[in-house]
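Chains, contacts and geometry: an overview
One-letter residues, chain by chain:
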Amino acid sequence: MAVKLKIDNIMDVRTYIENEIKKKKELRTASVVAATGVSRQYVNRVLQELVQEGKVTRVGKSNRARYVAAEKRAIENTKLKETSFTKTFANKGIEEDQVLNQIRQQTGILLLLPENVEKIIDYAFTEMLNNAIEHSQSETIFVKMQRRKEGIRFTVLDHGIGIFNNIMKKKKFATELEAIQDLLKGKQTTMPDRHSGEGIFFTSKLAEKFSIKSFSKTLLYDNVINDVFLSDSTSLKGTRVDFWMPVSSQMNISDVFRQYTGDEFEFSTTEVVVALYKAGTPYISRSQARRITSGLEKFNTIILDFKNMDTIGQAFADEIFRVWKNRHPSKEIVVRNAGENVQFMIDHVTR
């Protein structure tokens, strides 16, 4: 039985917490309550103050949360014990990059991964979650990501219109099989004014195994044997995507992107010039932006050349000039040859 201490004021609780973290490396709210006799609400308030002051860091969520010293090694050691993330989000105002940040903050799933694997998971997860947010019409979206010794797996599940059904209705196909055939062509989308259709195409190339299940059909991409399978399955309202890749994968996301695209990159030691213009391909989607920015964090200056481009999409601009720039604040993005429409969209998302 824990011996309760006599706690007279908040400073005593603070001192106790700080001393315990130094000795034990981490602690939970319940252990402080048991040792001190102070209420859980009071202990939580003290812990939050210490977090805000940058003295301790919270790892995990809800009743699994642990507090450690705000030091890189202590945080990493605690996060590495958290190998699973599961949460259902209301599909209202959520953004895929914020969900990925939650996973990074609360777990060690993406910690100390090989750089090539982390980039692939980052791209594939945000693409699949974005699809669910914008296409599914589902009220909620279930997200699960797990790290095991052999690899990383994630699931994105919604209960909306269903991907095959959505393609069938938007493109006026007679059956879901025709919709699946259209999807297999690659780079197809039901929202051509907002998406390029590249998300599923590239994700299917990057995974070792990738499946899409909707209603009574499951489409499986197996890149181990370089084949695609369609099978009947138990009925599921909405869409479920499952992604799997080994931690030991040698695949490089930039190589895959360049295998299927023609964007021009001119490199130097400190900067990269990206010539965006490609005939007949407007830049409208986050998927295109993520493809272009992959690997650019290695350079101090990124020059984006918009020569001969009439316009860009808001999602494309937002992903580069807000989301990517916020993640890499020390990097400079220089815009060249931006016409009135392109500059307007850049200014719009950076306000």
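Preceding this section is the structure that the text describes.
Quick look at the structure, then. (Residues numbered from 1 in each chain as written. Predicted model: local features only at pLDDT ≥ 70, side-chain atom pairs only at ≥ 80, totals over all residues. Heavy atoms only, no water.)

Before going further, it helps to spend a moment on the overall build of the protein chain. In terms of regular secondary structure, the protein chain is built from 13 helices and 12 strands. Here the protein chain holds 351 residues, and 50% of them are scored as buried. Partitioning the intrachain contacts of the protein chain with sequence separation of at least 6 by distance along the chain shows that 65% fall at a separation of at least 24. Here the protein chain displays about 18000 Å² of accessible surface, and carbon together with sulfur accounts for 49% of that area. (Helix = DSSP H or I, 4+ residues; strand = E, 2+ residues; numbered from the N terminus. Buried < 20%, exposed > 50% of the residue type's maximum accessible area, 1.4 Å probe, protein only. Contact = heavy atoms within 4.5 Å. Areas by Shrake-Rupley, 256 points an atom, 1.4 Å probe, with all protein chains shown as cover.)

It is worth spelling out the environment of Ile103 at this point. Among the secondary structure elements, Ile103 is positioned in helix α5 (residues 96–106). By relative accessible area, Ile103 is classed as buried at 0%. For Ile103 and Ser84, which are 19 residues apart along the polypeptide, the C-alpha to C-alpha distance reads 8.8 Å.

Looking at where Gly93 falls in the secondary structure, it is placed in the loop between β4 (84–90) and α5. As a C-alpha pair, Gly93 and Ile133 span 40 residues in sequence and 9.1 Å in three-dimensional space.

Counting through the fold element by element, Arg286 comes out in helix α11 (residues 286–293). In this structure Arg286 touches Glu96, Glu127, Asn130, Ala315, Phe316, Asp318, Glu319 and Val323, once residues within four positions along its chain are discounted.

The next point concerns the sheet that holds strand β1 (residues 26–27). The strand order β1-β3-β2 describes an open sheet built from three strands, whose pairing is antiparallel. Two strands lie at the open edges of the sheet, namely β1 and β2 (56–59), each paired on one side alone. Pairing between β2 and strand β3 (residues 66–69): four bridges, direction antiparallel. If you follow Val59 over to β3, its bridge partner there is Arg66. Strand contacts of helix α3 (residues 40–52): β1, β2 and β3, with the helix running at about 110° to β2, the strand carrying the most contacts. (Pairing = 2+ DSSP bridges. Axes fitted to C-alpha atoms, helices over the stretch in contact; angles between N-to-C directions.)

With that settled, consider the packing of helix α12 (residues 314–327) against helix α13 (residues 340–350). At a minimum axis separation of 9 Å, α12 and α13 run at an interaxial angle of 60°. Here α12 is positioned oblique relative to α13, judged by the angle of their axes. Like other packed secondary-structure pairs, α12 and α13 cross with a definite hand, here right-handed. Packed against α12, whose contacting residues are Gln314, Ala317, Asp318, Phe321 and Arg322, the element α13 presents Met345, Ile346, His348, Val349 and Thr350 at the interface. In terms of residue class, the contact of α12 with α13 is made up of five nonpolar, three polar and two charged. (Parallel < 35°, antiparallel > 145°, perpendicular 65-115°, else oblique. Left-handed = near helix turned anticlockwise from the far one by under 90°. Nonpolar A, V, L, I, M, F, W, Y, C, P; charged D, E, K, R; others polar.)

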